[in-house]
Amino acid sequence: MVIDRVALIVSDLDRVEDDYVRTFGCSVEQRDAIDPSLTRVLRIPHTRGRRSLLRLGRERIELMGGTMSWDERWGFRAR
């Protein structure tokens, strides 16, 4: 089995992406909207989210964040 990437759900995508780039030296490979089929699988329909695919050497990290309803669903609180 090969793991393609690790995905993390975050409350502040822009801040976390910036932290990973500055702290670990990741590069941003791709930024786009989260496909609605994924939000349905995660049982948070009618939510618009964004994702950022980062590369750290051979490893990939996918950060996902979204609207307030997304954050409330996962229990995140803005600081």
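What about the side chain of Glu-62?
In this structure, Glu-62 sits in strand S4 (residues 59-66). Among the polar contacts listed, one links the side chain of Glu-62 to the side chain of Arg-5, at a separation of 3.1 Å. If we skip the residues at most four places from it in the chain, Glu-62 touches Arg-5, Val-6, Ala-7, Leu-8, Arg-51, Ser-52 and Leu-53.

Describing a nonpolar patch on the surface
A surface patch of nonpolar side chains, amounting to about 490 Å² of accessible area, comprises Met-1, Ile-3, Val-6 and Leu-8. With respect to the helices, strands and loops of the structure, Ile-3 is situated in the segment before strand S1 (6-9). Under the relative-accessibility criterion, Ile-3 is labelled exposed at 65%.

Focus: the nonpolar core
Among the nonpolar cores identified, the biggest contains eight residues, and these are Val-10, Leu-13, Val-16, Tyr-20, Cys-26, Leu-54, Ile-61 and Leu-63. Mapped by element, the contributors of at least two residues to this core are helix H1 (13-24) and S4. For this core, the leading source of residues is H1, giving three residues. Not counting the four nearest positions on each side in its chain, Leu-13 is found in contact with Arg-31, Arg-50, Arg-51, Ser-52, Leu-63, Met-64 and Gly-65.

Thresholds, definitions, all that
- Residues numbered from 1 in each chain as written.
- Predicted model: local features only at pLDDT ≥ 70, side-chain atom pairs only at ≥ 80, totals over all residues.
- Heavy atoms only, no water.
- Helix = DSSP H or I, 4+ residues; strand = E, 2+ residues; numbered from the N terminus.
- Polar contact = N/O pair within 3.5 Å; in protein donor to acceptor, adjacent residues only side chain to side chain.
- Contact = heavy atoms within 4.5 Å.
- Patch = residues over 30% accessible without salt bridge, like charges linked within 9 Å, V, L, I, M, F, W, Y side chains within 5 Å.
- Areas by Shrake-Rupley, 256 points an atom, 1.4 Å probe, with all protein chains shown as cover.
- Salt bridge = Lys/Arg side-chain N within 4 Å of Asp/Glu carboxyl O.
- Buried < 20%, exposed > 50% of the residue type's maximum accessible area, 1.4 Å probe, protein only.
- Core = buried A, V, L, I, M, F, W, Y, C linked by side-chain atoms within 4.5 Å.

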